[in-house]
Amino acid sequence: MENLDYARLQMAFTLGFHIIFACIGMVMPFFMVLSHHKWLKTRDPIYKRLTMAWLKGVAIFFVTGAVSGTALSFELGMLWPEFMKHAGPIIGMPFSLEGAAFFVEAIALGFYLYGWNKLPEKFHWFTGIIIGISGVASGILVVSANGWMNAPSGFDYINGEFTNIDPVAALLNPAWFTQALHMTLAAFVATSFGVAGVHAFQIFRKRNVELNTKAFKIAIVFGAIAAFLQPLSGDLSAKDVAERQPVKLAAMEAHYETKKGAPLYIGGIVDEENRTVSHKIEIPKALSFLAFGDFDAEVKGLNDFPDDELPPVAIVHYAFQIMVGIGTLLIFAGLIYFISLKKKNWLHSKYYWLLFIIVAPLGFVAVEAGWVVTEVGRQPWIIHQIMRTEEAVTPMPGMKYSFFFYLFLYTVLGLTVTWLMNRQIKSLNQTKD
Amino acid sequence: MLYVVLFFLLFSLLLYVLLGGADFGAGIVELFSSAKNREQTKDTIYRVMGPIWEANHIWLIIMLVILWVAFPAYFNIMIIYLHIPLTLVLLGITLRGVAFVFRHYDAVVDGSQFWYNWLFRIGSFVTPVFLGMSFGTLIGGKIIITEDYENYGFYDLFMQHWLNIFSLLVGLFYAALCAFLASTLLIGEADGKARKHYVKNSAFFTSVLVGLGFILISFGYLNNVKFIKDFIHNPVSLACVALSGVLLIPLWKAIKKEYRIASRYLAISQVILILFAALYAHFPYIIITSDKEVSLLENLAPDATISNLAIMLLIGGFIILPGLFHLMRSFNMIKVLEKPQKNNSK
């Protein structure tokens, strides 16, 4: 493999690592403040204990997200200096606003973590809300910068020069809204099912059932609602991609032949050399409808794009299938939760809890798959139709070592965080009322 | 508008050197304390730095964003040639950051504390050294900018400019500055015996700082480092250094007499003087390569970008600074020592 491939691998790995912690850091504060609110209202000590336990989780996830995010802000320049040289001045606005939002979040976190019994109760609780809101704002802003790479706007590109720069137009690029909406919902789905699953596991093992049931209920609501909204946002995203990045859409669907009334493939094995897809389920005319809202619309196939502008089709197709498949599965899991609100005896069935244990990690798998779709699907471009990834990469050789360095560091860090969480849960279960 | 952006760049740099520096320095003080004093120092650091340490390090990100948005050509050279030392800085920031949180938020207090503590202490020492080395690299005059990758090896282009004695001296100087700041700050945060301990520390690190500063300038002068030569021949910079020398006397007195506030402000003014002297002599040519000087203001971002960034920074500043000020004030007034985690362990 070449330097470029290792640089891409490193970017993918570090982003993939960061995104998990970023999602948790964005969403868990909401669980925490909800539990905190219930404590303030009912003075039920269980809620206080739950809030304190989640708070420790938030502190650990937040610091891991913050340091890996700091590393990413350097890596953007270290790995892709030519990209940053040209893109930096154009997409400065989301990044400077994101810096401000992150700052607000850190200040609020300082108040919240250290303010117990020192600050007025309501103000203290309110700082928890600020953590959540500024976290979500940071996420939206960073995704807007990514949206710009998919839908470059806010400049004129004349003879290889970026002129007439309009930072506001770049911030509000055509992709920002659909991408930000999809990612925010995804963060809620993944974190909610993840946290709910952890507590479901404790209930399954009959540990501290009362506390864990309360925790499960707070966490799952967010995810169940977000899972229902996600297909709507996914539809907006698909239509947007169909319009602006038809080649990405074709790769997502492994759609080779340009056709009117194009069928939708579910699953299938992609043979990139012969440009065929075998073992798939075919739904007639569905792709045309999903992409353009018209069963007979023409969908341009991969064969009609220049060869040197095609992304790796198989990876994008498989990742897309994984994302959609998991999304569908989680809607059903959400549905089962809502039904269980009526059928309370389900809560005594161990299969009910087993289900939520099994789906716990899936939301994060879907988030990773979704990022593979959007990032690998944009290749070979780093800025869609403007700059190729190979033109952006650092001239420094030896990215191989850099990749393995981060692989080692983050693997150790990830394992440590998992181990710490395990200790948190154990010590939470040992506490007596 | 450019001046607004420059102001925020220098302001973030100053705050990062001060607050981030005090944060690193706290770890260095802990590293150089006797085992007996370490526990005490650990608790004090948690109480004093805990609420704001996260915010302290965001100044670095703000600086980075300002650089790449407004000064893309300068940032491009910096980020390509500082790839390795900055990666080491990131390693340090990551390890000490997580170690600081893990040691206070781990649900079980056991043997793993040993690892968190040492990661935090050693990380706190090496990170400012690498940060200082990165700055030393920018001004050391050894960067070779070329497209000719045939005739230059990896070592010539990406190693020798940062891996040398001059850069190392700058790094050690910055680490000493951090330790000096932190120990002087901690004087005001402790009582009785502990305060005596920080007074000693503060005196020690002041001496180290002055000694290292002298060695750094002599070494740079004898080895014809252009930055140091220009620094010495610049009357304003010299005046600043002279003033900081004179101010050492009241600082020493304040430290000896355990004046909390006076010693703190005098320490901060030392840092401002040193930073100003260093930047003034060469501003805006902050990258010195083997054959030219690169100005920060070369190939600036377009006006629309600069104005937009300036407005964003002003808005951000209005939101953040009062919040940060309130945060510091809220927790600086709390003087009760607490030992938060030990009660929760079982």
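In short, a report on the structure. In this text the structure is predicted, and so the values were computed from the model without any measurement. (Residues numbered from 1 in each chain as written. Chains lettered and ligands numbered in written order. Predicted model: local features only at pLDDT ≥ 70, side-chain atom pairs only at ≥ 80, totals over all residues. Heavy atoms only, no water.)

This part covers the packing of helix α1 (residues 3-42) of chain A against helix α5 (residues 121-150) of chain A. All names here are of chain A. Where α1 meets α5, the closest approach of the two axes is 8 Å, and the angle between their N-to-C directions is 160°. On the basis of the axis angle, α1 is roughly antiparallel to α5. Between α1 and α5 lies a crossing whose hand is left-handed. Together, Met26, Pro29, Phe30, Met32, Val33, His36, His37, Trp39 and Leu40 of α1 and Glu121, His124, Trp125, Gly128, Ile129, Ile131, Gly132, Ile133, Gly135, Val136 and Gly139 of α5 make up the contact between the two elements. For the contact of α1 with α5, the per-class residue count stands at 12 nonpolar, seven polar and one charged. (Axes fitted to C-alpha atoms, helices over the stretch in contact; angles between N-to-C directions. Helix = DSSP H or I, 4+ residues; strand = E, 2+ residues; numbered from the N terminus. Parallel < 35°, antiparallel > 145°, perpendicular 65-115°, else oblique. Left-handed = near helix turned anticlockwise from the far one by under 90°. Contact = heavy atoms within 4.5 Å. Nonpolar A, V, L, I, M, F, W, Y, C, P; charged D, E, K, R; others polar.)

Its 31 residues give helix α8 (residues 192-222) of chain B an end-to-end C-alpha distance of 45 Å, which sits within 8% of 45 Å, the value for a rise of 1.5 Å per residue. The positive-phi residue at the C-terminal boundary of α8(B) is Asn224(B), with phi of around 55°. (Expected span 1.5 Å × (residues − 1).)

Moving on, we come to empty space enclosed by the protein. Going through the model one piece at a time under the given rule, you end up with seven cavities of 30 Å³ or more. At six residues, the largest contribution of residues to the lining of the largest cavity is made by helix α12 (residues 303-332) of chain B. Tallied by class, the residues present in the lining of the largest cavity amount to 13 nonpolar, four polar and no charged. Computed from the structure, the second largest cavity encloses a volume of approximately 120 Å³. Around the second largest cavity sit 15 residues that line it, and Leu113(A), Tyr114(A), Gly50(B), Trp53(B) and Glu54(B) are the ones nearest its centre. Its residues placed into classes, the lining of the second largest cavity shows 11 nonpolar, three polar and one charged. (1 Å grid on protein atoms, 1.4 Å probe; cavity = no way out; pocket = protein on both sides within 12 Å on 5 of 7 lines; lining within 4 Å. Points joined across faces, edges and corners; volume = space filled by probe spheres on them.)

What follows concerns the pairing of strand β5 (residues 276-283) of chain A. Residues and elements named next belong to chain A. Here seven bridges tie strand β4 (residues 264-271) to β5, and the two strands are oriented antiparallel to one another. Bridge pairing links Asp271 to Thr276 in β5. What sits between β4 and β5 in their antiparallel hairpin is a turn of four residues, with Arg275 showing a positive phi close to 55°. (Pairing = 2+ DSSP bridges.)

Residue and element names in this part refer to chain A. Residues Lys38, Lys41, Lys217, Lys342 and Lys344 make up a contiguous surface patch of positive charge. If you trace the backbone, Lys217 turns up in helix α8 (residues 209-244). A relative accessible area of 38% means that Lys217 is categorised as partly exposed. (Patch = residues over 30% accessible without salt bridge, like charges linked within 9 Å, V, L, I, M, F, W, Y side chains within 5 Å. Areas by Shrake-Rupley, 256 points an atom, 1.4 Å probe, with all protein chains shown as cover. Salt bridge = Lys/Arg side-chain N within 4 Å of Asp/Glu carboxyl O. Lys, Arg positive; Asp, Glu negative; His and termini not counted. Charge placed at Lys NZ, Arg CZ, Asp CG, Glu CD. Buried < 20%, exposed > 50% of the residue type's maximum accessible area, 1.4 Å probe, protein only.)

Our focus in this paragraph is the side chain of Ser237(A). Here Ser237(A) is to be found in helix α8. Sequence-distant contacts of Ser237(A), that is, excluding residues within four places in its chain, are made with Thr178(A) and His182(A).

This part takes up the packing of aromatic side chains. Both the distance between ring centres and the angle between the ring planes are used here to describe each pair of aromatic rings. Residues and elements named next belong to chain A. Enumeration over the complete set of coordinates arrives at 48 aromatic pairs over all chains. Judged by centre distance (5.1 Å) and plane angle (55°), the rings of Phe155 and Phe162 are tilted. An identical accessibility class is assigned to Phe155 and Phe162; each is buried. These aromatic residues form a ring-pair network of at least three members: Phe193, Phe216, Phe228, Tyr337, Phe338, Tyr352, Trp353 and Phe356. Cation over ring: Arg388 sits above Trp381, and NZ or CZ is 4.6 Å from the ring centre. (Phe/Tyr/Trp six-rings, centres within 6.5 Å; stacked < 30°, edge-to-face > 60°. Lys NZ or Arg CZ within 6 Å of the ring centre and 35° of its normal.)

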